[in-house]
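# Report on the structure
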Amino acid sequence: MATILVVEDNPANMKLACVLLRRVGHNALCASDGESGVTLAKAERPALILMDIQLPGMDGLAATALLKLDPSTADIPVVALTAMAMKEDQDKSRLAGCAAYIAKPLRYLELYEVIDTLLAQSPGRLPGQALETRP
Ligand code: MN
């Protein structure tokens, strides 16, 4: 079980992401814009962040870049979520510091695979700690 922050402005997408995370035992935190996402990330230090790219105000790339500049949040892996499955967006998300990229609509197998891979690589993970087993 890990605490995962979802930054997403679309209520239906937010609900889907949180349902999928909680279904496999993760603790989901929610923020609906970049500013509150950054604030929540600093306060709660989640194990991973799912970051929508298109957000009102500060976009997901700017929010990710801010998190990567702050030593207290720099090593939290950020997964970019975007409806625009374009190579250019993938490149931009990597440049902003995102560890991975998922095109919406979310597909649960891909989501779980990306999350498991990043959590397994995370420096905060305890040695020998098993990955979650699926129901
Ligand atoms: Mn959005």
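Residues numbered from 1 in each chain as written. Predicted model: local features only at pLDDT ≥ 70, side-chain atom pairs only at ≥ 80, totals over all residues. Heavy atoms only, no water.

## A few points about the side chain of aspartate 52
Note that aspartate 52 resides in strand E3 (residues 48-52). Relative accessible area serves as the criterion here: at 3%, aspartate 52 is assigned to the buried category. A polar atom in the side chain of aspartate 52 sits 3.0 Å from the side chain of lysine 104. Once residues lying within four places of it in the same chain are set aside, the contact partners of aspartate 52 are Val7, Glu8, Asp9, Gly60, Leu81 and Lys104. (Helix = DSSP H or I, 4+ residues; strand = E, 2+ residues; numbered from the N terminus. Buried < 20%, exposed > 50% of the residue type's maximum accessible area, 1.4 Å probe, protein only. Polar contact = N/O pair within 3.5 Å; in protein donor to acceptor, adjacent residues only side chain to side chain. Contact = heavy atoms within 4.5 Å.)

## With respect to the packing of helix H3 (residues 60-69) against helix H4 (residues 87-96)
What describes two packed helices is the angle between their axes and the distance between those same axes. Taken N-terminus to C-terminus, the directions of H3 and H4 make an angle of 25 degrees; their axes are 8 Å apart at the nearest point. If you check the angle between H3 and H4, you find them roughly parallel. The segment H3 lies against H4, with Leu61, Thr64, Ala65 and Lys68 engaging Lys92, Ser93 and Ala96. Split into classes, the residues belonging to the contact of H3 with H4 amount to three nonpolar, two polar and two charged. (Axes fitted to C-alpha atoms, helices over the stretch in contact; angles between N-to-C directions. Parallel < 35°, antiparallel > 145°, perpendicular 65-115°, else oblique. Nonpolar A, V, L, I, M, F, W, Y, C, P; charged D, E, K, R; others polar.)

## Comments concerning unusual backbone geometry
Residue lysine 104 is joined to proline 105 through a cis peptide bond whose omega torsion reads 5 degrees. Structurally, proline 105 is set in the loop between strand E5 (100-103) and helix H5 (108-121).

## Notes on the packing of aromatic side chains
The full count for this structure, using the stated rule, is one aromatic pair. Between tyrosine 108 and tyrosine 112 the ring centres are 6.0 Å apart and the planes differ by 70 degrees, which places this aromatic pair in the edge-to-face class. With tyrosine 108 and tyrosine 112 both in helix H5, this residue pair falls four residues apart, about one helical turn. Judged by its relative accessible area of 5%, tyrosine 112 is buried. (Phe/Tyr/Trp six-rings, centres within 6.5 Å; stacked < 30°, edge-to-face > 60°.)

## Things to note about the pairing of strand E4 (residues 78-82)
Of all the five residues making up E4, five are buried; the element is thus mostly covered by neighbouring parts of the structure. As paired elements, E3 and E4 share four bridges and run parallel to each other. Its bridge partner lying in E4, isoleucine 49 is registered against valine 78. Following the chain from E3 across H3 to the adjacent parallel E4, one finds a crossover that is right-handed. Where E4 and E5 come together, four bridges link them in parallel fashion. (Pairing = 2+ DSSP bridges. Right-handed = clockwise from strand over helix to strand, strands pointing away.)

## Focus: the state of the cysteines
Applying the stated criterion across every chain, the model contains zero disulfides. There is no disulfide at cysteine 18, and the cysteine sulfur nearest it, in cysteine 30, is 3.2 Å away. (Disulfide = S-S within 2.5 Å.)

## A look at helix H1 (residues 11-23)
The first and last C-alpha atoms of H1 sit 18 Å apart over 13 residues, in line with the 18 Å expected at 1.5 Å per residue. Along H1, the residues classified as buried are Met14, Ala17, Cys18, Leu20 and Leu21. The buried residues of H1 occupy one face: seen down the axis, they fall within an arc of 160 degrees. Facing away from the buried side of H1, by more than 90 degrees, are the exposed residues Pro11, Ala12, Lys15 and Arg23. In this structure, the buried residues of H1 make contact with strand E1 (3-7), strand E2 (27-31), E3 and H5. (Expected span 1.5 Å × (residues − 1). Arc of directions from axis to C-beta.)

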